[in-house]
Amino acid sequence: MFKSFFPQPKLFFPSVLVWTAVAMALWYAGASEWGAYLGLGQPTPEDSQIVGIHYFWSPSFLWLYVYYIIAVGMFAAFWFTWSPHRWQIWSILGSAVILFATYFGVQISVALNNWRRPFFDQVQFALGEDSTVTAAELYDLIVVFAAIAFMAIFVFVATRFLVSHWIFRWRTAMNDYYMARWGKLRHIEGASQRVQEDTMRFAGIMEGLGVSMIDAVMTLIAFLPLLWSLSSYVTELPVVGAIPAPLFTAAIFWSLFGTVLLAAVGIKLPGLEFRNQRVEAAYRKELVYGEDNEARAQPMQVRELFSHVRQNYFRLYFHYMYFNVFRSLYLQADNIFVYILLVPTIVAGAAVGFTFGVMQQVLTAFNQVSNSFQYLVNSWTTIVELLSIYKRLKAFESAIDDRDLPDIDREWLEIHGAGDGAGVETVGSGV
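Fair warning: this is a prediction, and the values are worked out from it, not measured in the lab.

Which residues make up the overall build of the chain, and what are the values?
From N to C terminus, the chain includes 12 helices and zero strands. Overall, the chain shows an N-to-C arrangement of helices and strands of α-α-α-α-α-α-α-α-α-α-α-α. A principal-axis box enclosing the C-alpha atoms of the chain has dimensions of 90 × 50 × 40 Å. Here the chain holds 431 residues, and 44% of them are scored as buried. By sequence separation, contacts in the chain at least 24 residues apart represent 76% of the contacts at least 6 residues apart. Just so you have it, the chain exposes about 22,200 Å², and 67% of that area is on carbon and sulfur atoms.

Have a look at this one:
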């Protein structure tokens, strides 16, 4: 799944994390100021508060673009030289472009959040008595929003187009890798399905799930500092009272609580989804054999195989039932959680400088951070499906390396009378 597309995955992915940590540490240790030596301007704290599309070519951003290109270029040059790979252009450089495009998309959200304070403050002033706010001022801010929104559309469409091509290259790499070893794989249960359907589903899920994960991480990087600074407007929280960085702390606590809760109640789902794919494959395979052989797909055989399908689905329905209860309760509570936190501050109002515009910024920043931390909560059912596909392909690859099959495959073969579980096809059972 991975070495077909990435060079030496066991070393490559740790090296990505290490190099990213080094580059970020260097940036925050002072490298963010080096752009001034190249004539790109001196970054200032006010750059992060710019309202308008020129936010993206402030001195801080111009140097970030150059710094990122240098960091990626050095990393790619090392891997291109040390471990050349057929798919290195897509797996290394393509991944780097997608990462940056995702980060840029998150920064567009930050720019929109910067816009919210002046716009909603103007709305608040306009609704008050003796207002001096003119229609032209509001229209000007709407034009600013439109410019940022059009950029957001362009970046979103371009990123999704690139990701789609990147994912299909990964599927192509997996397909070529498996077909080059088809002689070893053709006798494994559901070999054709694993090469065609499982690689397709793996690629499709990774397209959505992978981009969502990257977006969640980038959103945290962009919005956590903003949420920390906005916490200065919140004097205290209900029940717990005054604590350091209240919004920041509450967002992390609430998100971790939801993640742990749903991971605990959904712990059985990946195994059940995997077994569901196995019983469906066994049933389908027997029916395929029955198309060409009258002795196959007899009523007793089909009835038994379909009973396994029914039994596993009923177990899935039961476990998803209580999982969905907990998930729905948490997500409904999440809709009002931040408002509960803000009640004391809203009541204090003008005394702490808490305007309508600031409130809009707080709501957006809190929801962005909370949703990013809740990545597992929002994506758990999709992650379950991906894990089940991963297990099937992992078992598939055991035959390539002449390794023992995973426990769940050996268990299946033993139940259906396949002897030593060596991965051979059991004709009578359809496994």
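Quick one: what's the story with a nonpolar patch on the surface, residue by residue and with numbers?
There is a patch of nonpolar side chains on the surface, built from Val-18, Trp-19, Val-22, Leu-38, Val-66, Ile-70 and Met-74 and spanning about 610 Å² of accessible area. Where the nonpolar patch is concerned, the elements lending two or more residues are α1 (9-28) and α2 (59-82). Residue Ile-70 is classed as partly exposed on the basis of its relative accessible area, which comes to 43%.

I'd like a description of α2, backed by residues and values.
For α2, with 24 residues, the first-to-last C-alpha span of 35 Å sits near the 34 Å given by 1.5 Å per residue. Buried residues along α2 sit in contact with α1 and α3 (88-127).

Give a description of the nonpolar core that names residues and reports values.
By size, the foremost hydrophobic cluster in this structure holds 42 residues, and its most contacted members are Phe-56, Phe-223, Leu-342 and Phe-366. Mapped onto this core, the elements with two or more residues apiece are α3, α4 (135-179), α6 (191-230), α7 (246-265), α9 (299-348) and α10 (356-373). Built from parts of two domains, this core gets at least three residues from each of domain 1 (2-234 + 377-416) and domain 2 (235-353). Ala-76, Ile-98, Ala-191 and Ala-216 belong to the second largest nonpolar core, which has 35 residues in total.

I'd like a description of the UniProt feature "transmembrane region" (unreviewed entry) in the chain, backed by residues and values.
The sites that UniProt annotates as "transmembrane region" (unreviewed entry) are residues 12-30, 62-82, 89-112, 141-163, 209-228, 248-269 and 336-358. What you have in residues 62-82 is 100% helix and 0% strand, and the ends, taken at the C-alpha atoms, are 31 Å apart.

Please provide a residue-by-residue account of the packing of α2 against α3, values included.
In the contact formed by α2 and α3, the axes pass within 10 Å of each other and the chain directions differ by 160 degrees. Between α2 and α3, the crossing angle belongs to the class labelled roughly antiparallel. The interaxial crossing formed by α2 with α3 has right-handed handedness. Between α2 and α3, the contacting residues are Phe-61, Leu-64, Tyr-65, Tyr-68, Val-72, Phe-75, Ala-76, Trp-79 and Phe-80 on the first element and Gln-88, Ile-89, Ile-92, Leu-93, Ala-96, Leu-99, Phe-100, Tyr-103, Phe-104 and Gln-107 on the second. In the contact of α2 with α3, the residues fall into 17 nonpolar, two polar and no charged.

Any details on the domain arrangement of the chain? Residues and values, ideally.
The domain architecture assigned to the chain consists of domain 1 (2-234 + 377-416) and domain 2 (235-353). Here domain 1 and domain 2 have C-alpha centroids that lie 24 Å from each other. Contacts between the two partners involve 30 residues from domain 1 and, on the opposite side, 36 residues from domain 2. Carbon and sulfur atoms make up 66% of the surface buried where domain 1 meets domain 2, a total of about 2,900 Å² over both sides. Here domain 1 and domain 2 share zero salt bridges between them. The set of elements that each furnish at least two residues to the side of domain 1 that touches domain 2 consists of α6, α11 (375-400) and α12 (407-415). It is α11 that provides the largest number of residues to the side of domain 1 that touches domain 2, a total of 11 residues. Residues that form the side of domain 1 that touches domain 2 fall into these classes: 14 nonpolar, seven polar and nine charged.

So what's going on with the pattern of salt bridges? Which residues, and what values?
Per the counting criterion, the structure on display carries one salt bridge. Here Asp-176 makes a salt bridge to Arg-86, at a shortest N to O gap of 3.3 Å. Of this pair, Asp-176 sits in helix α4 while Arg-86 sits in the loop between α2 and α3; the two residues are 90 residues apart in sequence, bridging distant segments of the chain. The partly exposed category is assigned to Asp-176, whose relative accessible area is 28%.

An account of a positive patch on the surface is needed here, citing residue identities and associated values.
On the surface, a cluster of positive charge is made up of Lys-3, Lys-10, Arg-181 and Lys-394. Among the secondary structure elements, Arg-181 is positioned in the loop between α4 and α5 (182-185).

Describe the environment of Trp-380, naming the residues involved and giving the relevant values.
Of note, Trp-380 is situated in helix α11. On a C-alpha basis, the gap between Trp-380 and Thr-259 in space is 9.3 Å, while along the polypeptide they are 121 residues apart. When near neighbours in sequence (up to four residues on either side) are disregarded, Trp-380 contacts Leu-262, Ala-263, Gly-266, Leu-269 and Phe-323.

For the confidence of the model for the chain, give the residues involved together with the corresponding values.
Chain-level pLDDT for the chain is 81 on average; 90% of the residues reach the 70-or-more range. With pLDDT under 50 throughout, residues 415-431 is counted as low confidence; its partners more than four residues away or in other chains account for 38 contacts.

Tell me about the side chain of Thr-102, residues and numbers included.
Inspection of the secondary structure assignment puts Thr-102 in helix α3. Given the relative accessible area of 7%, Thr-102 is considered buried. Ignoring any residue separated from it by four or fewer positions in sequence, one finds Thr-102 in contact with Thr-159, Ile-214, Asp-215 and Met-218.

Analysis parameters
- Residues numbered from 1 in each chain as written.
- Predicted model: local features only at pLDDT ≥ 70, side-chain atom pairs only at ≥ 80, totals over all residues.
- Heavy atoms only, no water.
- Helix = DSSP H or I, 4+ residues; strand = E, 2+ residues; numbered from the N terminus.
- Buried < 20%, exposed > 50% of the residue type's maximum accessible area, 1.4 Å probe, protein only.
- Contact = heavy atoms within 4.5 Å.
- Areas by Shrake-Rupley, 256 points an atom, 1.4 Å probe, with all protein chains shown as cover.
- Patch = residues over 30% accessible without salt bridge, like charges linked within 9 Å, V, L, I, M, F, W, Y side chains within 5 Å.
- Salt bridge = Lys/Arg side-chain N within 4 Å of Asp/Glu carboxyl O.
- Expected span 1.5 Å × (residues − 1).
- Core = buried A, V, L, I, M, F, W, Y, C linked by side-chain atoms within 4.5 Å.
- Domains from an automatic or database assignment.
- UniProt positions renumbered as here; feature names shortened; annotations may be inferred.
- Axes fitted to C-alpha atoms, helices over the stretch in contact; angles between N-to-C directions.
- Parallel < 35°, antiparallel > 145°, perpendicular 65-115°, else oblique.
- Left-handed = near helix turned anticlockwise from the far one by under 90°.
- Nonpolar A, V, L, I, M, F, W, Y, C, P; charged D, E, K, R; others polar.
- Buried area = accessible area lost by both parts, 1.4 Å probe.
- Lys, Arg positive; Asp, Glu negative; His and termini not counted.
- Charge placed at Lys NZ, Arg CZ, Asp CG, Glu CD.
- pLDDT = per-residue confidence, 0-100.

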